[in-house]
Structure formats: C-alpha cells, structure tokens
Number of protein chains: 2
Amino acid sequence: MLIQLVRIEVKPGHRDTFLEAFTINCEGTRKEPGNLRFDLLCDPEDENKFSVYEIFRDEAALDEHRKTPHYRTCVEMIDPITVGGRRKDFFLPVLVETARD
Amino acid sequence: MLIQLVRIEVKPGHRDTFLEAFTINCEGTRKEPGNLRFDLLCDPEDENKFSVYEIFRDEAALDEHRKTPHYRTCVEMIDPITVGGRRKDFFLPVLVETARD
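In this text, all values refer to a predicted model and were calculated from it rather than measured experimentally.

## Observations regarding the sheet that holds strand β4 (residues 87–95) of chain A
Thought 1: Taken together, 8 strands build a closed barrel; the order of strands is β1(A)-β3(A)-β2(A)-β4(B)-β1(B)-β3(B)-β2(B)-β4(A) and the barrel is antiparallel. Neighbouring strand axes in the sheet, compared pairwise and without regard to direction, differ in orientation by 35° on average.
Thought 2: By the bridge criterion, 3 bridges tie β4(A) to strand β2 (residues 35–43) of chain B in an arrangement that is antiparallel. Looking across to β2(B), one finds that A:Leu92 is bridged to B:Cys42.
Thought 3: Along the sheet face, helix α1 (residues 15–29) of chain A touches β1 (2–9), β2 (35–43) and β3 (46–56) of chain A together with β4 (87–95) of chain B and points at about 165° away from the line of β2(A).

## A word on helix α3 (residues 69–78) of chain A
All names here are of chain A.
Thought 1: Residues His70, Tyr71, Cys74, Val75 and Ile78 constitute the buried set of α3. Down the axis, α3 shows its buried residues gathered within 130° of arc, on one side only. Facing away from the buried surface of α3 by more than 90 degrees, the exposed residues are Pro69 and Glu76.

## What about the environment of A:Pro33?
All names here are of chain A.
Thought 1: On the secondary structure map, Pro33 appears in the loop between α1 and β2.
Thought 2: Taking relative accessible area as the criterion, Pro33 reaches 71% and is therefore assigned exposed.
Thought 3: Sequence spacing of Pro33 and Pro80 is 47 residues, and the spatial spacing of their C-alpha atoms is 29 Å.

Rules used throughout
Residues numbered from 1 in each chain as written. Chains lettered and ligands numbered in written order. Predicted model: local features only at pLDDT ≥ 70, side-chain atom pairs only at ≥ 80, totals over all residues. Heavy atoms only, no water. Pairing = 2+ DSSP bridges. Helix = DSSP H or I, 4+ residues; strand = E, 2+ residues; numbered from the N terminus. Axes fitted to C-alpha atoms, helices over the stretch in contact; angles between N-to-C directions. Contact = heavy atoms within 4.5 Å. Buried < 20%, exposed > 50% of the residue type's maximum accessible area, 1.4 Å probe, protein only. Arc of directions from axis to C-beta.

In short, the description is geometric, and any link to function would need to be established separately.
Next comes the structure, spelled out in structure tokens:
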C-alpha cells in the first residue's frame with residue numbers, strides 16, 4: 001500500500017479551473033482498480049491551498065494512474081495555474097481502512 | 001464534515017504500547033456512528049512518528065468520540081509515552097469519500 005498527502009497551491013483566480021480539473025481526476029481515479037482512496041481537501045485558512053490524501057495498492061498502481069487520460073488531463077490543466085511543484089508527504093500504513101476492500 | 005491529520009511522536013522504546021493503545025482506539029472509533037474515517041499512518045523515515053487521518057461527521061461527533069472509553073483508554077496510555085502534544089492539521093472537504101456512506 002502506497003499512501004501520500006500531496007499539497008498543491010493554486011494561483012489566485014484559478015480555483016474554478018483547478019476544481020474542474022480535479023473533479024475529472026477524482027472521478028476517473030476512484031474507478032481505477034489500483035486506487036483505494038482519493039480525497040481532495042482544502043486548507044481552512046486559504047482556499048487556494050489544497051491537499052490530496054491518496055492510497056494506491058502499490059507503486060505499480062500509481063504508475064498506471066499516471067498513464068491515465070484523467071490524470072494527464074488534470075496535470076495539463078493545473079500545471080500552468082499552480083504555484084511551485086506538488087509537495088508530497090509519504091506514509092506507511094499501520095491501521096488503514098480502504099473504501100473499496 | 002470534520003477532517004484532521006493528527007501528528008503524534010512516541011518516545012523511543014514505547015512503540016508497542018502505542019500500537020496497543022491505538023488498536024483499541026481504532027477498533028472502537030470505527031464503530032462510532034459519527035466516525036467516517038480513521039487511518040493510523042507512520043513516517044517512513046521514523047518509526048516513532050505517527051499520523052492519524054480522521055474524518056468525523058461534525059464537531060458533535062468528535063465531542064462524542066472524546067467521551068468514549070476506547071478514546072480515554074488510549075489517551076491515558078499514550079500521554080506518558082509521547083513527545084510534546086498532539087499537533088493537528090485541519091482540512092475542509094472538497095471531494096471526499098467516506099468508507100461508511
């Protein structure tokens with residue numbers, strides 16, 4: 001199991017485009033057999049700071065994810081409207097549920 | 001929906017006690033009607049640094065959680081073996097699944 005919290009900052013004025021892109025990504029990703037969790041969250045103090053709590057079965061599942069049209073469309077849409085790169089915190093599972101056991 | 005990532009550092013040599021306490025807490029919490037998610041995670045770089053990804057229906061559900069025996073037992077067990085207080089990052093839900101819709 002691969003668990004990461006991805007942090008993304010959106011440039012002011014582009015929030016709607018970001019949400020449009022991530023809705024496409026969320027809907028597609030949750031149908032992937034290798035994805036177990038995909039939550040898009042926002043910082044209560046800053047509406048342009050987002051985090052994505054992601055769980056994939058393994059590294060191979062994440063690699064497959066990155067080849068999907070919904071991921072690629074999302075990245076193409078958000079790259080020009082984000083501040084700096086996407087920062088990632090990785091975690092090991094200790095006691096983890098999955099939405100799709 | 002109330003979402004938080006709680007960070008806890010355990011004193012060296014007490015990891016087993018921590019895991020025992022958190023297994024009690026996890027099993028009990030996931031049965032609470034107000035809890036939607038409760039994942040215990042560990043830092044890949046430090047086996048004594050933990051994070052808990054928690055989703056509760058609302059503030060009232062979290063208040064109920066804090067009154068439960070499994071929560072109180074856990075806190076009693078881990079308070080003496082943790083370094084500093086429990087740090088919390090709060091999030092707003094944007095596109096969030098729940099394990100128990």
